[in-house]
Amino acid sequence: MEPDSVIEDKTIELMNTSVMEDQNEDESPKKNTLWQISNGTSSVIVSRKRPSEGNYQKEKDLCIKYFDQWSESDQVEFVEHLISRMCHYQHGHINSYLKPMLQRDFITALQGLDHIAENILSYLDARSLCAAELVCKEWQRVISEGMLWKKLIERMVRTDPLWKGLSERRGWDQYLFKNRPTDGPPNSFYRSLYPKIIQDIETIESNWRCGRHNLQRIQCRSENSKGVYCLQYDDEKIISGLRDNSIKIWDKTSLECLKVLTGHTGSVLCLQYDERVIVTGSSDSTVRVWDVNTGEVLNTLIHHNEAVLHLRFSNGLMVTCSKDRSIAVWDMASATDITLRRVLVGHRAAVNVVDFDDKYIVSASGDRTIKVWSTSTCEFVRTLNGHKRGIACLQYRDRLVVSGSSDNTIRLWDIECGACLRVLEGHEELVRCIRFDNKRIVSGAYDGKIKVWDLQAALDPRAPASTLCLRTLVEHSGRVFRLQFDEFQIISSSHDDTILIWDFLNVPPSAQNETRSPSRTYTYISR
């Protein structure tokens, strides 16, 4: 038997000889010829098939006979060599022939292994899942029996706070995270639910942009000094600190006052609570710890020489700051076991606000500076300079610090390098409170206005200044002292002795076509 290489050479020689014979024959429409037909701007290449000839058939059969005798690698090498000798038009034909041969229905091929097929398709987003349902009945069956629309919604609820909050407020969370398929509705229920959720989300986003909201008002009815200096809320309650020295706890649904805590001898300027305690700071220079359920005073910390202006606590650590220019760092083992770890000194005026995480403590002062300290060692790290007047508020998260000042501006900072990333201008008086999440910055000022800013645009140096302020909300008749917000609402307090709840989810139909607050406000940037 002849070696493979000799057979291959003979095969190619045989093919070449056949081609040369064809070229030497007279051209005829019966031969294999190409005709180009022009039609306007397009051209179509038409192949006229070569008629079957006995000589060609024998040669083809001989080539196939040789081909079948070779190893797989030799066959591949031969075909590559053959393809390289063809023209572009022939390549297109071969590509069209091979394409369906290379496609594999891997889902149908996994019959009997539905759990693997379901796991593969569970990574699809909604648009891809819709497309997958149209591939064939088998794909549609795997998606339906695997409850993949339910799993997609559950994945969104686990990873996105907007979806989680919406599931709780709209009530469809009761249909999620059931272990047995018999515990809940069929896949078709979740498939129809998904677009309704998307519509809800788009409506909420539109309400934020257009300033459409349902407004609820709590009149605090302070007997002497009027004003609500601080607040915090959850789904059940709002806890507020008042200028009249009291702490009032309100039912979030009925807006009724549930409890009044008394004990401070000065205005309650700051507070924070968790599931166990409320911690408050006052102009009487003390920090008090209260039982969140009973309202009983559990501890009183006497350290600062003047008013306690702000405080934060988390994971066994508490930081307080004062008009006395100092910052106190406390170890908080329990409500009754709180010990002073370190006093941070460096500011040249009252320290108005503090925030911290595991890496940094950040403080801002009337001395126009923001100072950064190491949380673990309490050592000074750097100063952020830029504000023209004292700083009244800030929030710090990840690398971003957002601060508000009596120079009427808001600044965004990179805490690691100390650079000012953006200056937001628009408020007409001191910016008293500020909060941000992944999408928005919300600020309140002594001009009585609350402004909603586009955070992502503010972080983009190419974004025009005129696009940054999404909305200005005007309802308070006095200075805005404090606010907190989430995906669905803003809750704010003011010198006008009210707490306002701005609800962007439950907007009545009558308000969908009207906007109570002024339209987009143009802002300016200075670097």
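- Going by an unreviewed UniProt entry, the protein chain carries the name F-box and WD repeat domain containing 11 and comes from Chinchilla lanigera.

1. A look at the overall build of the protein chain
Working step 1: Scanning the protein chain from terminus to terminus reveals 11 helices and 30 strands.
Working step 2: When each of the 527 residues of the protein chain is scored for burial, the buried share is 46%.
Working step 3: Expressed as a percentage of contacts within the protein chain between residues at least 6 apart in sequence, the contacts between residues at least 24 apart total 49%.

2. Things to note about the sheet that holds strand β16 (residues 351–356)
Working step 1: With antiparallel pairing, four strands are arranged side by side in an open sheet as β16-β17-β18-β19. Two strands bound the open sheet, and with one partner strand each, they are β16 and β19 (380–385). Taken over all neighbouring pairs, the strand axes of this sheet differ in orientation by 20° on average, direction set aside.
Working step 2: Looking at chain direction, strand β18 (residues 369–374) and β19 are connected through five bridges and run antiparallel. Paired with W373 across the strands is F380, a residue of β19.

3. Digging into the UniProt feature "repeat: WD" (unreviewed entry) in the protein chain
Working step 1: In the numbering adopted here, UniProt assigns the feature "repeat: WD" (unreviewed entry) to residues 221–260, 261–300, 301–340, 344–383, 384–423, 424–456 and 473–503.
Working step 2: Summarising residues 384–423: 0% helix, 62% strand, and an end-to-end C-alpha distance of 14 Å.
Working step 3: Secondary structure across residues 424–456 comprises 6% helix and 61% strand; the distance between its end C-alpha atoms is 13 Å.

4. Digging into the pairing of strand β5 (residues 237–242)
Working step 1: Burial within β5 is extensive, with five of its six residues counted as buried.
Working step 2: Note: strand β4 (residues 228–233) against β5, five bridges, orientation antiparallel. Of the residues in β5, the one forming a bridge with V228 is L242.
Working step 3: Sheet topology places β5 next to strand β6 (residues 247–251); five bridges connect them, and they run antiparallel.

5. With respect to the side chain of S374
Working step 1: As for its position among the elements, S374 is in strand β18.
Working step 2: According to the relative accessible area criterion, S374 is buried, its value standing at 14%.
Working step 3: Polar contacts involving the side chain of S374 include one to the side chain of T377, which spans 3.0 Å.
Working step 4: Apart from the residues lying within four places of it in its own chain, the contact partners of S374 are K359, I361, E379 and V381.

6. Things to note about helix α10 (residues 187–210)
Working step 1: Between its first and last C-alpha, α10 extends 35 Å over 24 residues, near the 34 Å set by a 1.5 Å rise per residue.
Working step 2: Once α10 ends, the next one or two residues include G211, with phi positive near 75°.

7. Some words on the sheet that holds strand β21 (residues 400–405)
Working step 1: Read across the sheet, four strands follow the order β20-β21-β22-β23 without closing on themselves; strand pairing throughout is antiparallel. Every other strand in the sheet has two partners, leaving β20 (391–397) and β23 (420–425) as the edge strands with one partner each. Strand-to-strand twist across the sheet, computed as the mean angle between neighbouring axes with direction ignored, equals 15°.
Working step 2: Taken together, the five bridges between β21 and strand β22 (residues 409–414) define a ladder with antiparallel strand orientation. Among the inter-strand pairings, V402 is bridged to a residue of β22, identified as L412.

8. Examining unusual backbone geometry
Working step 1: We note that M147 has phi near 55°; this positive angle belongs to a residue other than glycine.
Working step 2: Position of M147 relative to the elements: it lies in the loop between α7 (137–145) and α8 (148–159).
Working step 3: We note that D398 has phi near 55°; this positive angle belongs to a residue other than glycine.

9. Description of the confidence of the model for the protein chain
Detailed reading of the predicted coordinates is not advisable wherever pLDDT falls low.
Working step 1: Mean pLDDT over the protein chain: 87, with 84% of residues reaching 70 or higher.
Working step 2: Scored below 50 in pLDDT, residues 18–48 makes 35 contacts in the model with residues more than four places away or belonging to other chains.

10. As for the packing of aromatic side chains
Working step 1: Scanning the model with the defined rule gives 13 aromatic pairs in all.
Working step 2: Note on W70 and F78: the rings are 4.9 Å apart at their centroids and 65° apart in plane angle, and the pair reads as edge-to-face.
Working step 3: Judged by relative accessible area, F78 falls into the buried class, the value being 6%.
Working step 4: Among the aromatic side chains, those forming a connected cluster through ring pairs are W149, W163, W172 and Y194.
Working step 5: One cation-aromatic arrangement involves R440 over W208; the distance from NZ or CZ to the ring centre is 4.2 Å.
Working step 6: Just above the ring of Y446 sits the side chain of R479; from NZ or CZ to the centre is 4.2 Å.

11. Some thoughts on the packing of helix α6 (residues 126–133) against α7
Working step 1: Across the interface, α6 lies against α7 with an axial gap of 7 Å and an inter-helix angle of 130°. The pairing of α6 with α7 is recorded here as oblique in orientation. Across the interface between the two elements, L129, A132 and E133 of α6 pack against W139, Q140 and I143 of α7.

12. Things to note about the environment of A132
Working step 1: Tracing the backbone through its elements, the reader meets A132 in helix α6.
Working step 2: The class for A132 is buried, based on a relative accessible area of 4%.
Working step 3: Through-space distance from the C-alpha of A132 to that of L121 is 8.3 Å; in sequence the pair is 11 residues apart.
Working step 4: Leaving out residues up to four positions away in the same chain, A132 has contacts with L124, W139 and I143.

Basis of the calculations
- Residues numbered from 1 in each chain as written.
- Predicted model: local features only at pLDDT ≥ 70, side-chain atom pairs only at ≥ 80, totals over all residues.
- Heavy atoms only, no water.
- Helix = DSSP H or I, 4+ residues; strand = E, 2+ residues; numbered from the N terminus.
- Buried < 20%, exposed > 50% of the residue type's maximum accessible area, 1.4 Å probe, protein only.
- Contact = heavy atoms within 4.5 Å.
- Pairing = 2+ DSSP bridges.
- Axes fitted to C-alpha atoms, helices over the stretch in contact; angles between N-to-C directions.
- UniProt positions renumbered as here; feature names shortened; annotations may be inferred.
- Polar contact = N/O pair within 3.5 Å; in protein donor to acceptor, adjacent residues only side chain to side chain.
- Expected span 1.5 Å × (residues − 1).
- pLDDT = per-residue confidence, 0-100.
- Phe/Tyr/Trp six-rings, centres within 6.5 Å; stacked < 30°, edge-to-face > 60°.
- Lys NZ or Arg CZ within 6 Å of the ring centre and 35° of its normal.
- Parallel < 35°, antiparallel > 145°, perpendicular 65-115°, else oblique.

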